[in-house]
Amino acid sequence: MTDPLILIDTRGDGERRTRLITLNRPKQLNALNDALMDQLGAALQAADDDAGIGCIVITGSEKAFAAGADISAMQSHTYMHVYKTNFITRNWETIRRVRKPVIAAVAGFALGGGCELAMMCDMLIAAENAKFGQPEIKIGIIPGAGGTQRLPRAVGKAKAMDLVLTGRMMDAQEAERAGLVSRLVPLEKLMDEALAAADLICALSGPSVMMAKECVNRAFEGSLADGVDYERRVFHSLFATADQKEGMAAFLEKRPPKFSQS
Ligand code: DAK
């Protein structure tokens, strides 16, 4: 029996719980091969479809979140092969379609496709030993899963150019200063912190959480004016929900809200 490429667990004890997905190729530093990405895509889709799940956490090992796409699987590919098969695009796109929040809990190396995967998540919580980079240039390629696009949006052009052109790694402290990382925590606290954040999200109104995620993502994809208009429409629409009535009533009555997810 071979080890599963990802481990799937459900955490928390509220009405909606957290799906914890652990990348599990520790000997290869969680190098992301096609089979692993297929399984990750299926697990993300299943969590998104499950009404009992409110948030998803993706993590790796203490040594590596993921050291990139699997170089041994790519080395012999030809241009015609990668072009015709739309190389590994299919199973890397699922995460972009997930509507529930996805938190990356990153320890150790997050390089190449591993850094890109972390950047595709909605929140990035890093352990103090995390190291980020886009080292593809050192093996004769460039980032292929959005690294040249998301990294500059996260850390600005200057630092993105530095990382993409030299292939150097940045440590967790530099990544936090640059705005790539939302929280930096000691390694031993990483999972507690990520799962506690997920628990908080699970307890909220799912529809407003999904709409908030959509709106923040709009900020990266359109103009400021369009984004603000979009946010306004979504904001108005939330007044049609039971959870808005309940959330505000609970505040005024000085009690915790009981969201019906509707
Ligand atoms: N692929 C395959 N194996 C890897 C790997 C990788 N990316 N990274 C590490 N490994 C393997 C090593 O070969 C080694 O295997 P054995 O020799 O034990 O069999 C084992 O993991 C342990 O690694 P090391 O012995 O090298 O460990 P060290 O602590 O000395 O070094 C390191 C750790 C992370 C600095 C080093 O392993 C390293 O530089 N790894 C490669 C990092 C890298 O270049 N990553 C970028 C890969 S290219 C796309 C989507 C994604 C992508 C492209 C397109 N589309 C959607 C179109 C992504 C491309 C990439 O990520």
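Criteria and cut-off values
Residues numbered from 1 in each chain as written. Predicted model: local features only at pLDDT ≥ 70, side-chain atom pairs only at ≥ 80, totals over all residues. Heavy atoms only, no water. Helix = DSSP H or I, 4+ residues; strand = E, 2+ residues; numbered from the N terminus. Rg over C-alpha atoms; globule rule 2.2 N^0.38 Å. Contact = heavy atoms within 4.5 Å. Areas by Shrake-Rupley, 256 points an atom, 1.4 Å probe, with all protein chains shown as cover. Pairing = 2+ DSSP bridges. Axes fitted to C-alpha atoms, helices over the stretch in contact; angles between N-to-C directions. Near = heavy atom within 4 Å. Polar contact = N/O pair within 3.5 Å; in protein donor to acceptor, adjacent residues only side chain to side chain. Nonpolar A, V, L, I, M, F, W, Y, C, P; charged D, E, K, R; others polar.

Engineer: Would you explain the overall build of the protein in this entry?
Structural biologist: When helices and strands are tallied, the protein shows 13 helices and 10 strands. What you see for the protein is a C-alpha radius of gyration of 19 Å, in line with the 18 Å of a compact globule of 262 residues. Counting only C-alpha atoms and orienting by the principal axes, one finds that the protein spans roughly 65 × 50 × 40 Å. Counted over contacts in the protein with a minimum sequence separation of 6, partners at least 24 positions apart contribute 65%. Per element, the accessible surface of the protein, about 14000 Å² overall, is 58% carbon and sulfur.

Engineer: Got a minute to help me understand the sheet that holds strand β6 (residues 109-111) in this structure?
Structural biologist: For sheets, the rule is that strands pair by backbone hydrogen bonds, running either parallel or antiparallel. Sheet architecture is open: four strands sit in the order β4-β6-β8-β9, paired in mixed fashion. The open sheet terminates on both sides in strands that have one partner only, identified here as β4 (64-66) and β9 (169-171). In this sheet, neighbouring strand axes are inclined to one another by 20° on average, regardless of whether the strands run parallel or antiparallel. Here β6 runs beside strand β8 (residues 131-133); their pairing, made up of three bridges, is parallel. Within β8, the residue paired with Phe 109 across the bridge is Lys 131.

Engineer: Got a minute to help me understand the site of the ligand in this structure?
Structural biologist: Lining the immediate environment of the ligand, one finds 25 residues, of which Lys 63, Ala 67, Ala 69, Ile 71 and Gly 113 sit closest. For the ligand, an oxygen atom lies 2.7 Å from a polar atom in the backbone of Ala 69. At the level of secondary structure, the elements contributing two or more residues to the shell around the ligand comprise α2 (71-74), β6 and α6 (113-120). Looking at side-chain class alone, the shell around the ligand contains 15 nonpolar, five polar and five charged residues.

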